[in-house]
Amino acid sequence: EPEVTQTPSHQVTQMGQEVILRCVPISNHLYFYWYRQILGQKVEFLVSFYNNEISEKSEIFDDQFSVERPDGSNFTLKIRSTKLEDSAMYFCASSERDYQSYEQYFGPGTRLTVT
Amino acid sequence: LAKTTQPISMDSYEGQEVNITCSHNNIATNDYITWYQQFPSQGPRFIIQGYKTKVTNEVASLFIPADRKSSTLSLPRVSLSDTAVYYCLVGPLGNKLTFGGGTRVLVKP
């Protein structure tokens, strides 16, 4: 069964550093998402991406965040200057989004620890 | 988006049926009801989706009454590996997912 993959599984960084989280969505999917989950809290939507542009973003997704699909397979989330409160699990998801299903496929996540 | 309310936690035993009810009183006409499952330190996983009446797949059943103001996810004969958090989501198709707190289901031996 095809799956979404994410690297690294765990990233430790110092406050103020830039991090790039990588995702490989399912190959025939066209819609891509990033979510995050702070330990013990809800899964929160960050951004959705389609046709090489952001289609929707949340208030969490401020100027410190950016997304990119640099090639035909990868989808990245960059945090320019990390803050302690960015520590969370970051999940990438993808979907075919044929308007017949709400099904998004999530990756295993990257645990980001900002010290 | 419709606000959802579901129990914080439920305990069950192996082999039992687990039913989790979600309330969504202000569901809109174009909203669908979707359930996701999340194991610790993993991403959520789609379980089932429906609009009205009953939907069944190999994993679960979803019961939606005529007024659509609530829905019940039914997990038949649970095993220890079904211990997870179950989320009820309500919204239009093809949209971002908005997760609530979910229901933490603990299956005991």
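Above this text sits the structure in question.
Residues numbered from 1 in each chain as written. Chains lettered and ligands numbered in written order. Predicted model: local features only at pLDDT ≥ 70, side-chain atom pairs only at ≥ 80, totals over all residues. Heavy atoms only, no water.

Student: How should I be thinking about the nonpolar core in this particular structure?
Tutor: Generally speaking, soluble globular proteins have nonpolar side chains that are buried together. All names here are of chain A. Of all hydrophobic cores here, the largest spans 23 residues; its most connected members are W34, L46, F61, V67, F75, L77 and Y90. Secondary structure elements with two or more residues in this core: β3 (19-24), β4 (31-37), β5 (43-50), β7 (65-68), β8 (75-79), β9 (88-95) and β11 (110-114). Discounting chain neighbours no more than four positions away, the residues touching V67 are W34, V47, F49, I54, F61, F75, T76 and L77. (Core = buried A, V, L, I, M, F, W, Y, C linked by side-chain atoms within 4.5 Å. Buried < 20%, exposed > 50% of the residue type's maximum accessible area, 1.4 Å probe, protein only. Helix = DSSP H or I, 4+ residues; strand = E, 2+ residues; numbered from the N terminus. Contact = heavy atoms within 4.5 Å.)

Student: When you look at the state of the cysteines in this model, what are you seeing that I'm missing?
Tutor: One covalent bond between the sulfur atoms of two cysteine residues makes up a disulfide. Residues and elements named next belong to chain A. Summed over all chains, the structure comprises two disulfides over all chains. In this model, C23 is linked to C92 through a disulfide, with the two sulfur atoms separated by 1.9 Å. The chirality of the disulfide connecting C23 with C92 is left-handed, given an S-S dihedral of about -60°. Here C92 lies in strand β9 and C23 lies in strand β3, a separation of 69 residues in the sequence. The pair formed by C23 and C92 is uniform in burial state, with each residue classed as buried. (Disulfide = S-S within 2.5 Å.)

Student: Can you walk me through unusual backbone geometry in this structure?
Tutor: Trans peptide bonds make up most of the peptide bonds, and negative phi angles are found at most residues other than glycine. Cis geometry is found at the peptide bond from T7(A) to P8(A), where omega equals -10°. By secondary structure assignment, the location of P8(A) is in the loop between β1 (5-7) and β2 (10-13). One non-glycine residue, S41(B), adopts positive backbone phi at about 60°. Inspection of the secondary structure puts S41(B) in the loop between β3 (32-38) and β4 (45-50).

Student: Honestly, the pairing of β4(A) in this entry has me stumped. Any pointers?
Tutor: For a regular strand, the rule is simple: side chains alternate between the two faces of the sheet. All names here are of chain A. Counting buried positions along β4 gives seven out of seven residues, so the element sits mostly inside the fold. Burial along β4 is two-sided: the residues Y31, Y33, Y35 and Q37 and F32, W34 and R36 are all buried. Summarising the sheet, β4 and β5 pair through seven bridges and their orientation is antiparallel. Residue pairing across strands places Y33 opposite S48, the latter belonging to β5. Linkage of β4 to β5, two consecutive antiparallel strands, is achieved through a turn of five residues, within which G40 is found at a positive phi near 80°. Pairing analysis gives seven bridges linking β4 to β9, with the strands arranged antiparallel. When the sheet's bridge partners are listed, Q37 is paired in β9 with M89. (Pairing = 2+ DSSP bridges.)

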